[in-house]
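Okay, here's what each chain looks like letter by letter:
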Amino acid sequence: MTISRRSFLKGAMAGSAASLIGPGLLASSALAAEGAEVGLGVWKTSGSHWGALNALVKGGKVAEIKPFGADRHPTEMLNGIKGLIYNPSRIRYPMARLEWLKHRQDADRTTRGDNRFVRLTWDAALDLFHEELERTQTDYGPWALYAGATGWRQTGQVHSCGNHMQRAVAMHGHFVKKVGDYSTGAGQVILPYVLGSTEVYSQGTSWPLILENSKTVVLWGNDPYKNLQVGWNCETHESYAYLEQLKAKVADGSIRVISVDPVRTKTQNYLGCEQLYLNPMTDVAFMLAMAYTLYNEELYSQEFIDAYALGFDDFIAYVQGEGDDGEAKTPEWAAPICGVDAEQIRDFARLLAADRTQLLFGWAIQRQQHGEQPYWMGAVLATMLGQIGLPGGGISYGHHYSSIGVPSSGASAPGAFPRNVDAGKTPEHDNTDFQGAASTIPVARWIDCLLNPGETIQYNGSEVVFPDIRMCVFSGCNPWHHHQDHNRMKQAFRKLETVVTIDYAWNATCRFSDLVLPACTQFERNDLDVYGSYSNRGVLAMHKLVDPLFHSRSDFDIFTDLCRRFGRDEEYRQELDEMGWVKKLYDECREANTALSAAPGGDEPTSSMPDFATFWKDGYVDFGPGENWVRHADFRQAPEVNALGTPSGFIEISSRKIGRYEYDDCQAHPRWMEKAERSHGGPGSDRYPLWLQSVHPDKRLHSQMCESEALRATYAVQGREPIFIGPEDAEARGIQDGDLVRVYNDRGQLLAGAVVSDDFPSGVVRIQEGAWYGPVGPEIGALDTYGDPNTLTLDVGTSKLAQAPSANTCVVEIERFEGEAPAVTAFGGPITVDV
């Protein structure tokens with residue numbers, strides 16, 4: 001994220017340190033004093049992906065959770081935090097899989113996933129961890145170790161689990177890493193070719209400017225009201241105030257909001273806005289027909305294209321039918337594909353061209369086969385409209401994420417515990433010979449790598465040779481939630497000799513591991529966090545609420561102890577303990593903001609941030625609101641001076657560089673390509689007529705909080721994950737609301753609880769991703785008892801360009817489940833056995 005320096009310190013130095021404390025902190029401080037006086041417990045402050053909070057701690061246990069006072073729109077997911085800390089799925093002790101403990105690398109790997117584990121001491125477990133690292137590096141080499149997977153770790157800058165894992169393992173030896181992520185895998189590869197940056201994680205045009213200038217806002221596969229409940233750092237929920245204003249403008253007719261989506265979303269229902277239905281995964285056909293209309297009705301901006309873009313002529317020739325397929329992309333051509341009347345396509349194109357239009361794309365439509373194409377095509381439409389760089393116009397790919405669009409304070413944020421080995425230091429095993437294999441692989445292709453070592457694939461203009469991985473280390477990222485086609489994953493995991501997982505709960509990754517180490521939750525250690533990932537509103541203290549439960553330990557302690565086994569523990573922690581690191585990161589942030597204030601145009605060279613002791617006591621420093629900003633405005637103002645990061649420096653409607661790769665599934669300009677499977681008359685729909693959405697969940701963060709029993713009880717159906725289905729499809733199958741159903745295709749089968757909803761049209765069903773995988777056994781094809789959609793999803797790359805996940809390319813069938821249902825196996829601990 002690039003943000004300009006703001007005058008966030010103005011006026012702050014004139015007041016006391018208390019002037020920086022948000023109202024929630026002042027309230028919690030008062031409660032703490034009262035509790036200490038009358039013996040009612042102590043209120044403490046902490047943070048999470050779901051927002052900042054105040055916790056009442058009584059007798060060493062969290063008794064009550066309240067939202068932080070500065071959070072005016074807290075999410076109900078805060079109600080799940082007690083259930084996250086205190087739940088039967090907590091990992092209580094270090095444990096090893098029985099068969100692996102007996103035979104190590106010679107163990108029967110078909111038993112992996114049988115959930116039979118032996119309790120270990122910490123010393124024994126860390127000795128085994130170290131021995132397996134040594135064996136892998138010595139017997140094989142760095143190509144045999146994969147420690148690259150990371151994900152939505154618990155919040156906190158000191159205890160960022162991926163950083164700890166990769167620093168400790170890297171101090172021991174080199175290993176295979178990953179590139180990309182599951183959230184935006186296709187988008188973050190294609191958009192640098194088109195707009196010069198990944199865009200998906202970039203700050204966007206400020207909401208006040210959208211509300212002031214936009215006449216039409218298009219939510220394209222985008223559900224911000226649902227998704228903005230969570231953030232990468234501690235979420236402020238400031239976006240909801242702007243959504244409230246948008247709702248009012250929809251009501252008074254000053255802004256027209258249209259949701260382009262097969263489903264009536266939570267955001268559409270909240271805003272009371274319009275919906276434009278498209279058949280699933282046909283967005284590109286629809287957009288090509290819009291481009292045809294804009295061009296042939298002369299509604300596009302040739303002036304903007306001439307000044308800011310390249311490659312339009314080649315693209316429009318394809319649209320006009322002069323390409324290799326000879327098919328003009330008329331609205332009549334697109335209508336039967338996308339399910340929208342041809343005249344309605346024309347009217348929509350005319351509407352967007354008539355006045356200031358803000359396109360807000362979600363991430364789901366790039367998680368499909370050829371997922372690069374809708375994002376590329378969205379940028380082309382925005383270019384043809386000629387509004388990129390104008391307030392309230394252009395395109396954004398992130399306004400549903402971590403409060404992108406909330407003005408940034410411009411303050412310096414605290415850093416994090418280092419991921420890399422210290423400068424000038426080398427690993428214990430400094431072998432960098434990967435024997436011709438890649439040292440970095442696309443993240444969504446790691447199962448392909450396990451199954452096909454030595455195979456060569458194309459990726460983003462280069463060749464990747466899969467290494468022969470024998471050992472994996474995971475920490476707090478749960479790849480059995482991330483990845484598609486769990487039965488294929490079972491096959492792949494049988495190729496591994498050792499899997500080590502560090503986590504706080506017995507999710508599926510732990511159950512398919514050999515050595516499991518119990519980390520504590522973020523509420524059982526001290527830390528600090530950025531308050532607002534993009535607004536950067538302040539710095540929040542994360543006070544330890546309770547001591548680590550059972551035998552769990554912090555990632556900091558676990559990996560310090562691992563490094564002690566090869567004599568590098570002091571180097572690992574840089575001779576600081578937990579609170580030493582919290583203070584170090586805060587003090588560095590304070591010094592950086594002092595420098596900001598002293599810079600030309602800044603304030604007086606004195607930091608308004610209090611000293612660490614004051615901050616830790618009060619719990620929060622508020623940097624204040626930021627200033628409005630327009631994405632790509634500098635490029636529009638001076639394209640030669642502020643060139644984009646594309647090869648040409650301009651918007652590339654057609655990419656010569658991609659064209660030179662000669663990929664058959666991602667060519668020199670966006671185009672319509674059929675999917676391997678698609679509902680509504682597409683391939684495979686004769687056998688499996690229902691498109692399965694696996695969207696971001698409404699009441700958890702991916703798989704985090706699924707284990708919280710009280711929160712799960714608010715949405716589960718007969719103890720299973722819900723599947724949402726429209727009335728027409730339910731009636732055709734004899735399914736009623738609340739029934740248990742079997743959902744299946746050629747890849748797998750699962751049980752779920754039916755929720756019949758008018759929000760879903762015929763041919764579209766939804767299971768929210770992050771549901772915990774709980775098969776009846778380790779066998780390939782076993783029924784999943786709880787309802788993880790990745791039991792069914794397709795594991796193919798989006799294209800040779802991005803090789804990203806295609807989870808939303810998935811068709812299924814549903815039937816009412818008859819007979820006695822198996823018990824849910826997804827939650828709780830393992831079967832503990834003796835050696």
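The model shown is predicted, which means the values in this text are computed figures rather than measured ones. (Residues numbered from 1 in each chain as written. Predicted model: local features only at pLDDT ≥ 70, side-chain atom pairs only at ≥ 80, totals over all residues. Heavy atoms only, no water.)

1. Points about the packing of aromatic side chains
Definition in use: Any Phe, Tyr or Trp ring, taking Trp's six-membered ring, that has another such ring centre within 6.5 Å forms a pair; planes under 30 degrees apart are called stacked, those over 60 apart edge-to-face, and the others tilted. A run of H or I in DSSP becomes a helix once it reaches four residues, and a run of E becomes a strand once it reaches two; helices and strands are each numbered from the N terminus. To sort residues, take the accessible area from a 1.4 Å probe on protein chains only and compare it with the maximum for the residue type: under 20% means buried, over 50% means exposed, and anything in between is partly exposed.
In total, this model carries 47 aromatic pairs according to the counting rule given. Arranged with centres 4.1 Å apart and planes meeting at 15°, the rings of Tyr225 and Tyr270 form a pair that is stacked. Of the two residues, Tyr225 sits in helix α8 (residues 224-227) while Tyr270 sits in helix α10 (residues 266-271), which places them 45 residues apart along the sequence. Here the aromatic rings of Trp446 and Phe474 are separated by 5.7 Å at their centres, their planes lie at 65°, and the arrangement is edge-to-face. Of this pair, Trp446 sits in helix α17 (residues 446-451) while Phe474 sits in strand β17 (residues 471-475), placing them 28 residues apart in sequence. Residue Trp446 is classed as buried on the basis of its relative accessible area of 2%. On the basis of relative accessible area, Phe474 is assigned to the buried category, the value being 0%.

2. Structural notes on the nonpolar core
Rule in force here: The definition of a nonpolar core used throughout is a set of buried Ala, Val, Leu, Ile, Met, Phe, Trp, Tyr and Cys residues joined through side-chain atoms within 4.5 Å. Residue contacts are defined here by distance: any two heavy atoms, one from each residue, within 4.5 Å place the two residues in contact.
If you look at the biggest cluster of nonpolar residues, it comprises 136 residues, and the most contacted ones within it are Tyr146, Trp220, Phe286, Phe315, Phe348, Trp446 and Phe493. If we skip the residues at most four places from it in the chain, Phe493 touches Arg112, Trp446, Ile447, Leu450, Phe474, Trp480, Val499 and Phe512. One finds Leu120, Tyr572, Tyr586 and Met609 within the second-largest nonpolar core, a separate group that totals 49 residues.

3. Comments concerning the sheet that holds strand β27 (residues 748-756)
We count it as follows: Pairs of strands are assigned from DSSP output, requiring at least two bridges between the strands. Axes here mean lines fitted to C-alpha atoms, for a helix over just the part in contact, with angles spanning 0 to 180 degrees between N-to-C directions.
One closed barrel accounts for six strands, arranged β24-β28-β25-β27-β26-β29; its pairing is mixed. Averaged over all neighbouring strand pairs, the angle between strand axes comes to 45°, with direction disregarded. When strand β25 (residues 722-725) meets β27, the two strands line up parallel, connected through four bridges. Within β27, the residue paired with Ile725 across the bridge is Val756.

4. Things to note about empty space enclosed by the protein
The following threshold applies: Buried and open spaces are told apart on a 1 Å grid over the protein atoms alone, a cavity being a set of points where a 1.4 Å probe fits but cannot get out and a pocket being an open set with protein on both sides within 12 Å along at least five of seven lines. Residues with an atom within 4 Å of a point are the lining residues. Grid points are joined across faces, edges and corners, and a volume is the space filled by probe spheres set on the points. All residues other than Ala, Val, Leu, Ile, Met, Phe, Trp, Tyr, Cys, Pro, Asp, Glu, Lys and Arg, Gly among them, are scored as polar; the first ten of these are nonpolar and the last four charged.
Within this structure, the stated rule accounts for ten cavities of 30 Å³ or more. Space inside the largest cavity adds up to approximately 250 Å³. Elements with a minimum of two residues in the lining of the largest cavity: α18 (479-482) and β18 (498-503). Considered class by class, the residues forming the lining of the largest cavity number eight nonpolar, eleven polar and four charged. Taken as a whole, the second largest cavity holds about 60 Å³ of empty space. Surrounding the second largest cavity, 13 residues form its lining, Val179, Gly180, Val443, Ala802 and Gln803 being those nearest its centre. Split into classes, the residues belonging to the lining of the second largest cavity amount to nine nonpolar, three polar and one charged.

5. Quick notes on the environment of Val764
Topologically, Val764 is positioned in strand β28 (residues 764-766). For Val764, a relative accessible area of 0% puts it in the buried group. Residues Val764 and Leu690, spaced 74 residues apart in sequence, show a C-alpha to C-alpha distance of 5.5 Å. When neighbours within four sequence positions are excluded, Val764 is seen to be in contact with Pro262, Val263, Pro280, His680, Trp691, Phe724, Gly726 and Asp729.

6. Digging into unusual backbone geometry
The phi torsion at Gln435 lies on the positive side, around 55°, for a residue other than glycine. Mapped onto the elements, Gln435 comes out in the loop between β13 (394-396) and β14 (440-442). According to the relative accessible area criterion, Gln435 is exposed, its value standing at 57%. Positive phi, close to 55°, is recorded for Gln574, a residue that is not glycine. Topologically, Gln574 is positioned in the loop between α22 (569-573) and α23 (578-598). Gln574 sits in the partly exposed class, given a relative accessible area of 30%.

7. A word on a negative patch on the surface
Test applied: Here a patch means residues that are over 30% exposed by relative accessible area and free of salt bridges, tied together within 9 Å if like-charged and within 5 Å if nonpolar (Val, Leu, Ile, Met, Phe, Trp, Tyr). In short, Shrake-Rupley with a 1.4 Å probe defines the accessible areas, and a residue's cover is counted only from the protein chains shown. In the sections that follow, a salt bridge refers to a side-chain nitrogen of Lys or Arg positioned within 4 Å of a carboxyl oxygen of Asp or Glu. Only four residue types enter the charge count, namely Lys and Arg as positive and Asp and Glu as negative; His and the chain termini do not. To locate a charge, the coordinates of NZ of Lys, CZ of Arg, CG of Asp or CD of Glu are taken.
A cluster of acidic residues, Glu303, Asp306, Asp313 and Asp314, forms a negative patch on the protein surface. Listing elements by their share of the negative patch, those giving two or more residues are α12 (302-308) and α13 (312-319).

8. Structural notes on the sheet that holds strand β3 (residues 61-67)
Spatially, β1-β2-β3 is the arrangement adopted by the three strands of the open sheet, whose pairing is antiparallel. At either end of the open sheet lies a strand with only one pairing partner, and these are β1 (42-46) and β3. Neighbour-to-neighbour, the strand axes of this sheet turn through a mean angle of 30°, independent of strand direction. Sheet topology note: the strand β2 (residues 53-58)/β3 ladder contains six bridges and is antiparallel. Following the sheet pairing, Asn54 is matched in β3 by Lys66.

9. Let's talk about the pairing of strand β8 (residues 216-220)
Where burial is concerned, most of β8 is hidden: five out of the five residues are buried. Bridge count between β8 and strand β9 (residues 256-260): five bridges; the pairing is parallel. Its bridge partner lying in β9, Thr216 is registered against Arg256. Bridge count between β8 and strand β12 (residues 357-361): five bridges; the pairing is parallel. By the bridge assignment for β12, Thr216 is matched with Thr357.

10. Regarding the UniProt feature "domain: Molybdopterin oxidoreductase" (unreviewed entry) in the protein chain
Heads up, the rule is: UniProt positions are given in the numbering used here, feature names are shortened, and annotations may be inferred rather than shown by experiment.
Those residues carrying the UniProt feature "domain: Molybdopterin oxidoreductase" (unreviewed entry) are residues 90-564 in this numbering. When the span residues 90-564 is considered, its composition is 36% helix and 15% strand, and the gap between its end C-alpha atoms is 26 Å.

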